[in-house]
Amino acid sequence: MTETSASKTTTFAVPDMSCGHCEATIRQALATALPGARVAVDLSRHEVTVEGDAAKAETAIREAGYSPEVVE
Ligand SMILES: [Cu+2]
């Protein structure tokens, strides 16, 4: 079995994600763009880890009004 893109995770630094409301907005955007993907948010580190298509995730976060940068 080859690894599918759905099992890959990407961590983004999102420095302008500063509170629970930002987190909720980003989670909602990711749930819409990548249905069913697991999302982990570390608010204190301003990081979002997302399963699946990294380009789609980055676009979704950006379109929600934030500035994601891939960190790993
Ligand atoms: Cu906020």
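Only a predicted model underlies this, so the values are computations on that prediction, with no experimental measurement involved.

Draft legend 1. Focus on helix H2 (residues 54-63). Within the span of H2, buried status applies to Ala57, Ala60 and Ile61. Seen end-on, H2 carries its buried residues on one side only, within an arc spanning 95°. Facing away from the buried side of H2, by more than 90 degrees, are the exposed residues Ala55 and Glu63. Along its buried surface, H2 packs onto strand E1 (9-13), helix H1 (20-33) and strand E3 (47-51).

Draft legend 2. Examining H1 more closely. The first and last C-alpha atoms of H1 sit 20 Å apart over 14 residues, in line with the 20 Å expected at 1.5 Å per residue. Taken together, the buried positions of H1 are Ile26, Ala29 and Leu30. When H1 is viewed along its axis, its buried side chains cluster within an angular range of 95° and face the same direction. Away from its buried face by more than 90 degrees, H1 exposes Gly20, His21, Ala24, Gln28 and Thr32.

Draft legend 3. Representation of the pairing of strand E2 (residues 39-42) within the structure. As paired elements, E2 and E3 share four bridges and run antiparallel to each other. Each residue of the ladder has a partner; that of alanine 40, found in E3, is threonine 49. The turn linking E2 back onto E3 is made up of four residues, and histidine 46 within it adopts a positive phi angle of 55°.

Definitions and limits used
Residues numbered from 1 in each chain as written. Predicted model: local features only at pLDDT ≥ 70, side-chain atom pairs only at ≥ 80, totals over all residues. Buried ≥ 20, exposed ≤ 12 C-beta atoms within 10 Å, placed from the backbone. Helix = DSSP H or I, 4+ residues; strand = E, 2+ residues; numbered from the N terminus. Arc of directions from axis to C-beta. Contact = placed C-beta atoms within 7 Å. Expected span 1.5 Å × (residues − 1). Pairing = 2+ DSSP bridges.

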